[in-house]
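Reading the structure
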Amino acid sequence: MAKAPRRGPYICGIDAALDVVSGKWKGLILWELHAHGVRRFAELRRGLPGVSEKMLTQHLREMEEDGLVHREVYAEVPPRVEYSLTEHGHTLNQALGPLGAWGAERVRREGFGQPEIREEPEAEPQPLGAAR
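A brief structural summary. (Residues numbered from 1 in each chain as written. Predicted model: local features only at pLDDT ≥ 70, side-chain atom pairs only at ≥ 80, totals over all residues. Heavy atoms only, no water.)

**Focus: the nonpolar core**
Ile29, Leu33, Leu48, Leu56, Leu60, Val69 and Tyr83 are the most contacted members of the largest nonpolar core, which has 19 residues in total. Mapped by element, the contributors of at least two residues to this core are α2 (26-36), α4 (53-65), β3 (80-85) and α5 (87-110). The biggest single contributor to this core is α2, with 4 residues. (Core = buried A, V, L, I, M, F, W, Y, C linked by side-chain atoms within 4.5 Å. Buried < 20%, exposed > 50% of the residue type's maximum accessible area, 1.4 Å probe, protein only. Helix = DSSP H or I, 4+ residues; strand = E, 2+ residues; numbered from the N terminus.)

**What to know about the sheet that holds strand β2 (residues 69-74)**
What the 3 strands build is an open sheet, ordered β1-β3-β2; its pairing is antiparallel. With partners counted over all chains shown, the strands left at the sheet margins are β1 (39-40) and β2, one partner each. Of the strand pairs in this sheet, β2 and β3 are connected by 6 bridges, and their pairing is antiparallel. Directly across from valine 73, in β3, lies its bridge partner valine 81. (Pairing = 2+ DSSP bridges.)

Have a look at this one:
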């Protein structure tokens, strides 16, 4: 099955931004990499309960293609692969901070239960994945 192109034309900036962050797990991947810096694949998978290996792989590839995630492969046996945010990924995470705060407030207001909200390091905006 061929994948649809993800490169516009866009109607507005939100359309272009949502094209990059579309997918259930991308915001949470941004959160995990922001909170922990560098993560190996298995660490990311453990940090995202419910994600399949296939979906995590697909999202990481798309995020790498979009310049959000850096993938570092070490020539070791067995091979070691680490993922981290690029500067572009950090700026997207900061831009999504207010959306995450809005979502956390909605969870509280609507009584969806107590979300697990991880504390963000001081002096940085709260990323999208904070209200999961």
